[in-house]
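Topology and contacts: notes
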Amino acid sequence: MPPSLGESKLKAEFIDRFARFTEWPSSAPDGSAQPFVIGVLGRTPVAPQLEELARRRRILERPVEVRRLTQIDEMQRCHVVWISGEWRERLTEVVEQAKEREILTVADTEGFGERGVMLNIARSGRMLSFEINVEAVRNSRLRLSSQLFRLGRPVGGRRASGR
Amino acid sequence: MRRFRSLSVRTKLVAIALAGTLVPLSTAIAFVATNDIRSFRGELERSAALMAEVASEYSAAELAFNNPEESRRTLAKLEHLPEFEYAALYDLSGALFAGHRLAALAPAVVIPPRIEARPVAEVAVFEHHLLAFHPVEHRRARFGTLVLRTTTEPLEARVRTYLWAVLAAALGAVALSVGLAAALQRVIAQPLGNLTEAARSIASGGDYSVRAGRVSEDEIGMLAEAFNTMVAEVDRRQHEAQEAVRVRDDFLSVASHELRTPLTALKLRLQMLSAKLGRGGAEIEAEQVRQNIEVTLRHLQRLEKLVAGLLDVTRITAGKLELERTELDLSALAKEVAARFEDEAAKAGSSLRFEAAASVIGCWDAFRLDQVITNLLSNALKYGAGRPVNLRVEATGETARLTVVDRGIGIPSGQLSRIFERFERVAPARRYGGLGLGLYISQQIVAAHGGVIRAESHEGTGATFVVELPRAARSPEACGPGAPEAAEEAPPSGGGR
């Protein structure tokens, strides 16, 4: 079932909310004039929704900038990177890069959670929920609110590292 | 207040003790109870606010990620609060997002589907419940509002129990204080009762020997003592009054006798004269008539003296003894009086010796001092038993002193203090005539001059009377020759002396 417009919009909102429950230790403080950068790897209907959101909203009281990325290297200055299903082949590479750089990785593709994406949006019934890869979050330098751990369905962990 | 006054002391004491307990007790209880109830309520409000805050903290992500199921699970954890009725989460538009309610405890309570947006945390108090509102925020982003409703009925029950306990304690304290007061009032009421009993028995029986027992050292003890003193004083005055009546009766009998003796003599003498004259007057010689008239005059003089003495006493008693001061030589006056007594001294067989300074000048009433010297000499000769009598006048600085010494029967030492009293006489009236007024009048005259008179004597060895007079009047200018003393004197009345 192709994702509806409403669903893409909701997913964009999820990114906004994820950002509010995450801390980037080396980033500029909340309210800073430096933009909050969201990178998008690959084609996804969520991208235009994110761009729309960036136009009318601030995240962590900072201006929002959405960058469409084509290379893994381009992730460098991003706070959040959305990984589309197209990047399934090079996912491990992306996850490894992100781990080094305080990047919150987000996706909406089944199985990405287990493969090291920190937050993977999933559908449960008629509602959207998300998976959280505890191991990936723990290995990164990001600090995620405990509320995310409570709400998200834990995936990965030992099994993920066992691969 | 009038009703309170008419109560017995016992009841008053109990009432005072009761008031003394009730007023501070009720004030303290009202204060403590108000504080406690306020603190119970505050505690409940604080705990509701705290729970709302904690729950809202947990609910942020649920609202953020639109997870009402998880939210309900969170809210359900609050149901273990003892006063819990419901907890609900509302989104930013005020629409119900998730709620949990304990239907069993509060079946009538429903979770409202919408609420007005509330910007800050607050606790609203209603009659039987509280509503705690808390904004759901995370990192300065607002997601909605949490509402927690708790019942205040357990609190009310607790307050009721508390108030009953307080009331019971207060009643206990009051009962205790009334009991104690009832037991202790005897300490005050009983001695008062004894005192009343003593007063009553004196009033009805007239027995002044009754005394109230003094049982304590406090005001009631002092009252008992004052009462006893008063009874003793009344007793003493009663005796005094009786004694005064007796003295007056004695005096009256002496006075009537004294007045009657010369009158009888006079009557006899005149009857005899009249009888002789009635028979033609031939048998009576002029010489005899003259003798009779002389004797008659003597009796009249004696009567006059007695009456003058009585008049003086009346005047002194009325406070109307007036002095007519002039510059006077006491030596000369004393000498003159002594000369007047030469015949009488000779008759009594006493020698009258007079010694005096050349002149002792002072500002005195000549007539009154004449009376004093006359009286003292007359007494000295009367009681002198025929032995020598000395009259001495001397001046010592500001004072003139006149001394009369006899060596006669003297005065018993126990009576010395009484001889200057009115109507008092020490010697037996039958043998020594007189009204017993002389020394009283003398003493009053000397006192009016600002002087003193005193007597020294032993029974059987004679008596010494000393008069001391200040030489100057209190206002010296008043003592010109013949000038009356303005401060003390009215103009001479013309008669009476």
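Residues numbered from 1 in each chain as written. Chains lettered and ligands numbered in written order. Predicted model: local features only at pLDDT ≥ 70, side-chain atom pairs only at ≥ 80, totals over all residues. Heavy atoms only, no water.

Listed by partner, the interface residues are 19 residues for chain A and 19 residues for chain B. For the chain A and chain B pair, buried surface summed over both sides reaches about 1600 Å², with 56% attributable to carbon and sulfur atoms. Seen at the junction of chain A and chain B, the total is four salt bridges. Arg150 of chain A is the salt-bridge partner of Glu70 of chain B, the closest N and O atoms lying 3.7 Å from each other. Across the contact surface, chain A and chain B share nine residue pairs in polar contact (both at pLDDT 80 or more). Broken down by secondary-structure element, the contributors of at least two residues to the side of chain A that touches chain B are helix 1 (5-20), strand 1 (22-23), strand 7 (127-133) and helix 5 (146-151) of chain A. Element by element, the count of residues in the side of chain A that touches chain B is highest for helix 1 of chain A, at five residues. (Contact = heavy atoms within 4.5 Å. Buried area = accessible area lost by both parts, 1.4 Å probe. Salt bridge = Lys/Arg side-chain N within 4 Å of Asp/Glu carboxyl O. Polar contact = N/O pair within 3.5 Å; in protein donor to acceptor, adjacent residues only side chain to side chain. Helix = DSSP H or I, 4+ residues; strand = E, 2+ residues; numbered from the N terminus.)

This part is about the packing of aromatic side chains. The relative placement of two aromatic rings is captured by the distance of their centres and the angle of their planes. Taken as a whole and assessed by the stated rule, the structure comprises 11 aromatic pairs over all chains. Seen in terms of ring centroids, Phe21 of chain A and Phe65 of chain B are 5.8 Å apart; in terms of plane orientation they differ by 45°. Their pairing is tilted. Pair noted here: Phe21 of chain A is in the loop between helix 1 and strand 1 and Phe65 of chain B is in the loop between helix 2 (9-64) and helix 3 (68-76), and the two residues belong to different chains. Phe65 of chain B matches Phe21 of chain A in its accessibility class, with the two residues each being buried. Ring plane angle 55° and centroid distance 5.1 Å describe the contact between Phe130 of chain A and Phe65 of chain B, whose orientation is recorded as tilted. Of this pair, Phe130 of chain A sits in strand 7 while Phe65 of chain B sits in the loop between helix 2 and helix 3, which puts the two residues in different chains. The same class applies to Phe130 of chain A and to Phe65 of chain B, which are both buried. Directly above the aromatic system of Phe4 of chain B lies the positively charged group of Lys12 of chain B, at a separation of 5.9 Å from the ring centroid. (Phe/Tyr/Trp six-rings, centres within 6.5 Å; stacked < 30°, edge-to-face > 60°. Buried < 20%, exposed > 50% of the residue type's maximum accessible area, 1.4 Å probe, protein only. Lys NZ or Arg CZ within 6 Å of the ring centre and 35° of its normal.)

Residue and element names in this part refer to chain A. Relative orientation of the contacting elements helix 1 and helix 2 (residues 46-56) amounts to 55°, with a least axis distance of 8 Å. Classed by the angle they form, the pair helix 1 and helix 2 counts as oblique. The way helix 1 lies across helix 2 gives a crossing that is right-handed. In this structure, helix 1 uses Leu5, Ser8, Lys9, Lys11, Ala12, Glu13, Ile15 and Asp16 to contact helix 2, whose residues at the interface are Val46, Gln49, Leu50, Leu53 and Arg56. For the contact of helix 1 with helix 2, the per-class residue count stands at six nonpolar, two polar and five charged. (Axes fitted to C-alpha atoms, helices over the stretch in contact; angles between N-to-C directions. Parallel < 35°, antiparallel > 145°, perpendicular 65-115°, else oblique. Left-handed = near helix turned anticlockwise from the far one by under 90°. Nonpolar A, V, L, I, M, F, W, Y, C, P; charged D, E, K, R; others polar.)

Before going further, it helps to examine the sheet that holds strand 5 (residues 141-151) of chain B. Residue and element names in this part refer to chain B. Strand order across the open sheet formed by five strands is 2-1-5-4-3, with antiparallel pairing between neighbours. Edge positions in the open sheet fall to strand 2 (96-101) and strand 3 (122-125), since each of these has one partner strand only. On average, adjacent strands in this sheet sit at an angle of 15° to one another, irrespective of strand direction. Two elements, strand 3 and strand 4 (residues 129-138), share four bridges in a ladder whose sense is antiparallel. Following the sheet pairing, Glu122 is matched in strand 4 by Phe133. Each of strand 1 (84-91), strand 2 and strand 5 touches helix 3; the most contacted strand, strand 2, lies at about 35° to it. (Pairing = 2+ DSSP bridges.)

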